[in-house]
Amino acid sequence: MSARRDWLVGVDIGAGSLKTMVVGRDGRVGGSASVDIATRTPHPGWSEQHPRDWWNAMCATVPRALADAGIGADAVAAIAFSAGAHTPVLEDAAGNVLRPAILWSDQRSAEEAKELEAKHGDEILATGCNRAVPTWTQPQLMWLARHEPEVLARAARLYVAKDWLRSRLTGTWETDPTEAVGTLLYDGMRDGWSERLCAMIGFDMAKLPPVVRPSAVVGEVTRAAAAATGFAAGTPVVCGSSDTSVEVYGSGAIAPGEAAVKLATAATVSIVGRQPRVHRSVINYPFAVPGLWYTIGATNSCASAHRWLRDRFFMAPGANGAEAFAEMDRLASVAPAGAGGLLFHPYLNGERTPHWDPLLRADFVGMTFRHDRGHFVRALYEGIAYSLRDVLEALRGQGLDAGMARIIGGGARSATWRQIVCDVLGIAIEMPRVTDASFGAALIAGVGIGMHANEIEAARASVEVVARHEPDPALRGRYETMYAIYRDSARATADVNHRLAAIERS
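All figures in this text were calculated on a predicted structure; none of them were measured in a lab.

### Points about the sheet that holds strand 3 (residues 29–36)
Moving on, step 1. The six strands lie next to each other as 3-2-1-5-12-11, forming an open sheet whose pairing is mixed. Looking at which strands have only one partner, the edges of the open sheet turn out to be strand 3 and strand 11 (217–220). For this sheet the average axis-to-axis angle between neighbouring strands, irrespective of direction, equals 20°.
Moving on, step 2. Where strand 1 (residues 7–13) and strand 5 (residues 76–83) come together, seven bridges link them in parallel fashion. Looking at the pairing, leucine 8 lines up with alanine 78 of strand 5.
Moving on, step 3. Docked against the sheet, helix 5 (residues 161–170) engages strand 1, strand 2 (17–24), strand 5, strand 11 and strand 12 (236–242), running at close to 175° with respect to strand 12.
Moving on, step 4. Across the sheet, helix 14 (residues 437–448) touches strand 1, strand 2, strand 3, strand 5, strand 11 and strand 12, and the angle it forms with strand 1 is around 135°.

Structure below.
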């Protein structure tokens, strides 16, 4: 095996799995491996993962990914990390994890977010660049202070997911600006932790990590970590950033005005800009490319809704999950555009953009005896596309727009789904060869050690587009009509959803 250090490794913690990817200096994927991660929902609206599962998954995937690439650990030049944004991990002074990590999709802190919005909403928005909603760490910590005060009392350090896992390799403690803004405890305009935002929830700023650039080398793999994972001791470790930041970056959307659509556990539209667009309807983060931001809107349930439909209605006992997905995609491809008048609202776990309402519920609207399984899959694909249209309209409302977008995430593998998104959004869609967050993280690792001169050069040298879709003019009228009905029916059922949620809580 070659000992030349020509390879980069990206490790990404996803909502349902951890993936380790080996990438060459030219962007070629040498190998990869993934392991499923359990997401626990002990109560309605909760979503948690245990950090030990991330560690075990990394220890399992690293040797397999290196073997898949046909290289030894000594060929790895650097490692970087990504994960779902601002997922808090609390440790005590001895380094013990105090509780499972609360995911961005968790809705338990709805009341705390509502209270923060009512008392401090304008100040939080102006300082943190985002509104107070349950996805952020600030209201989650406020919930812990009320319901698990002993946890916060014992906490000595706050990590976010990718930083905690990375610290298992290096023993160091830091985060990057994207993750820091995502905690809603950071002053995004002044680039520093905000004493005022912390004081709103009584959180000690000493428990927050130093902030470094995503491409910063933060340490090396220790001997103990090398023995456990299969990495070589002394390998440089780069900070990395949140999954969407490195996914957008790794798609090649790297300049102001460029956009990416993501079909993953959640669905998002992100547009790169020179500054945040601070408004209650959208989300803002510093970008993986220094000096830039990306403004994002998101629908909570995308691939998670797709999997829900498969598991509930397309999986016989002992069936193969991949084959079931393939059959669903085939059925959707032959179903008519508009799904025969069947609509799906993908609010299985509340909704973010543009509703910001954790109590919304999913539904199929317009069912008749003539609808078959293919109509339901097509309606799900289209419903998520309509939710992305909602997101794009919110971004347009802030003066942002895109004539083309790169498409990423697991759902992008479906040509049918890609074309539906293209037609509903009314913009051209391009798919890069690699759409994984672990790929973008690996490129950031290369920048950190000087393999590439900067982030822009690394992306231009490594990203390749393999498919392009143009909107079908013949479907424009049908999808515009269906989208208008989608919006009207969402508004009409909002009060019903709230009443149903009240019954569940009673």
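There's plenty left to go through after this.
### A word on the sheet that holds strand 20 (residues 428–432)
Moving on, step 1. Spatially, seven strands are ordered 15-16-14-13-19-20-21 in an open sheet, and the strand pairing comes out mixed. At either end of the open sheet lies a strand with only one pairing partner, and these are strand 15 (283–286) and strand 21 (465–469). Across this sheet, the average inter-strand angle for adjacent strands is 25°, counted without regard to direction.
Moving on, step 2. As defined by bridge partners, strand 19 (residues 404–408) adjoins strand 20 across three bridges and the pair is classed as parallel.

### As for helix 2 (residues 110–128)
Moving on, step 1. With 19 residues, helix 2 ought to run about 27 Å at 1.5 Å a step, yet its terminal C-alpha atoms sit only 18 Å apart, falling short of that.
Moving on, step 2. Of all the bends in helix 2, the greatest measures close to 95° and is centred on histidine 120.
Moving on, step 3. Those residues of helix 2 lying buried are Glu112, Ala113, Leu116, Glu117, His120, Gly121, Ile124, Leu125, Thr127 and Gly128.
Moving on, step 4. Here the buried face of helix 2 lies against helix 3 (137–147), helix 6 (177–182), strand 9 (186–187) and helix 7 (195–199).

### Observations concerning the pattern of salt bridges
Moving on, step 1. Tallied over the full model, the rule gives 39 salt bridges.
Moving on, step 2. Here lysine 162 and aspartate 176 are joined by a salt bridge, their closest N and O atoms 2.7 Å apart. On the criterion of sequence distance, the pair formed by lysine 162 in helix 5 and aspartate 176 in the loop between helix 5 and helix 6 is long-range, its members being 14 residues apart. Across the pair, exposure class does not vary: lysine 162 and aspartate 176 are buried alike.

### Examining the packing of helix 11 (residues 321–334) against helix 12 (residues 373–396)
Moving on, step 1. Their axes nearest at 8 Å, the elements helix 11 and helix 12 cross at an angle of 90°. With respect to each other, helix 11 and helix 12 are oriented roughly perpendicular. Along its contact with helix 11, which presents Glu327, Met328, Asp329, Leu331, Ala332 and Ser333, the element helix 12 presents Arg373, Gly374, Val377, Arg378 and Tyr381.
Moving on, step 2. Residues that form the contact of helix 11 with helix 12 fall into these classes: five nonpolar, two polar and four charged.

### Brief notes about unusual backbone geometry
Moving on, step 1. Threonine 353 connects to proline 354 through a cis peptide bond whose omega is -5°.
Moving on, step 2. By the element assignment, proline 354 lies in the loop between strand 17 (343–345) and strand 18 (363–365).
Moving on, step 3. Unlike most non-glycine residues, histidine 86 shows phi in positive territory, near 40°.
Moving on, step 4. With respect to the secondary-structure elements, histidine 86 resides in the loop between strand 5 and strand 6 (88–91).

### Topic: the packing of helix 12 against helix 16 (residues 476–505)
Moving on, step 1. Put simply, helix 12 and helix 16 touch, their axes get as near as 10 Å, and they point 80° apart. The angle between the axes of helix 12 and helix 16 places the two elements in the roughly perpendicular class. Contact with helix 12, carried on its side by Arg378, Glu382, Gly383, Tyr386, Ser387, Arg389, Asp390 and Glu393, involves Tyr479, Glu480, Met482, Tyr483, Tyr486 and Arg487 of helix 16 and no other residues of that element.
Moving on, step 2. The residue inventory of the contact of helix 12 with helix 16, partitioned by class, reads five nonpolar, two polar and seven charged.

### Here's the deal with a nonpolar patch on the surface
Moving on, step 1. On the surface, a cluster of nonpolar side chains totalling about 260 Å² of accessible area is made up of Val496, Leu500 and Ile503.
Moving on, step 2. Mapped onto the elements, isoleucine 503 comes out in helix 16.

### Looking at the nonpolar core
Moving on, step 1. Membership of the largest hydrophobic core comes to 68 residues, with the highest contact counts inside it found for Leu90, Leu141, Leu185, Phe203, Tyr249, Tyr285 and Phe287.
Moving on, step 2. Among the elements that make up this core, the one with the highest residue count is helix 14 (eight residues).
Moving on, step 3. Each residue touching phenylalanine 203, except ones within four places of it in the same chain, is listed here: Leu141, Leu152, Leu158, Leu185, Cys198 and Leu208.

### Brief notes about the packing of aromatic side chains
Moving on, step 1. Counting across every chain of the model gives 15 aromatic pairs.
Moving on, step 2. With 5.2 Å between their ring centres and 85° between their planes, tyrosine 186 and tryptophan 193 make a pair best called edge-to-face.
Moving on, step 3. Residue classification places tyrosine 186 among the buried positions, given a relative accessible area of 3%.
Moving on, step 4. Centroid distance tyrosine 483 to tyrosine 486: 6.4 Å. Interplanar angle 20°. Geometry classified as stacked. Here tyrosine 486 and tyrosine 483 lie together in helix 16, a separation of three residues that amounts to about one turn.
Moving on, step 5. One aromatic cluster is present, built from ring pairs that chain together Trp136, Tyr285, Phe287 and Tyr294.
Moving on, step 6. Seen from the ring of tryptophan 46, arginine 108 lies directly overhead, with NZ or CZ sitting 3.6 Å from the centre.
Moving on, step 7. Sitting over the ring of tyrosine 159, arginine 168 keeps its end group 5.9 Å from the ring centre.

### A closer look at the side chain of glutamate 455
Moving on, step 1. When you line up the elements, glutamate 455 lands in helix 15 (residues 455–462).
Moving on, step 2. Residues within four places of glutamate 455 in sequence aside, it is in contact with Arg213, Ser215, Tyr249, Ala288, Val289, Pro290, Ile444 and Val447.

### Here's the deal with helix 1 (residues 51–69)
Moving on, step 1. Taking 1.5 Å of rise per residue, the 19 residues of helix 1 would be expected to cover 27 Å, and the 27 Å separating its terminal C-alpha atoms lies within 8% of that figure.
Moving on, step 2. At threonine 61, helix 1 is deflected by roughly 25°, the largest bend along its length, and proline proline 63 occurs up to four residues later in sequence.
Moving on, step 3. Here helix 1 has its buried residues at Pro51, Asp53, Trp54, Trp55, Ala57, Met58, Cys59, Thr61, Val62, Ala65, Leu66 and Ala69.
Moving on, step 4. A positive phi of about 70° marks glycine 70, the residue just after helix 1.

### Side note on the environment of arginine 5
Moving on, step 1. Among the secondary structure elements, arginine 5 is positioned in the segment before strand 1.
Moving on, step 2. Arginine 5 sits in the partly exposed class, given a relative accessible area of 39%.
Moving on, step 3. Spatially, the C-alpha atom of arginine 5 lies 35 Å from that of glycine 257, the residues being 252 residues apart in sequence.
Moving on, step 4. Not counting the four nearest positions on each side in its chain, arginine 5 is found in contact with Arg25, Asp74, Ala75, Val76, Ala77, Thr235 and Met451.

Cut-offs and rules
- Residues numbered from 1 in each chain as written.
- Predicted model: local features only at pLDDT ≥ 70, side-chain atom pairs only at ≥ 80, totals over all residues.
- Heavy atoms only, no water.
- Pairing = 2+ DSSP bridges.
- Helix = DSSP H or I, 4+ residues; strand = E, 2+ residues; numbered from the N terminus.
- Axes fitted to C-alpha atoms, helices over the stretch in contact; angles between N-to-C directions.
- Contact = heavy atoms within 4.5 Å.
- Expected span 1.5 Å × (residues − 1).
- Bend = angle between axes of the 7 residues up to and from the residue.
- Buried < 20%, exposed > 50% of the residue type's maximum accessible area, 1.4 Å probe, protein only.
- Salt bridge = Lys/Arg side-chain N within 4 Å of Asp/Glu carboxyl O.
- Parallel < 35°, antiparallel > 145°, perpendicular 65-115°, else oblique.
- Nonpolar A, V, L, I, M, F, W, Y, C, P; charged D, E, K, R; others polar.
- Patch = residues over 30% accessible without salt bridge, like charges linked within 9 Å, V, L, I, M, F, W, Y side chains within 5 Å.
- Areas by Shrake-Rupley, 256 points an atom, 1.4 Å probe, with all protein chains shown as cover.
- Core = buried A, V, L, I, M, F, W, Y, C linked by side-chain atoms within 4.5 Å.
- Phe/Tyr/Trp six-rings, centres within 6.5 Å; stacked < 30°, edge-to-face > 60°.
- Lys NZ or Arg CZ within 6 Å of the ring centre and 35° of its normal.

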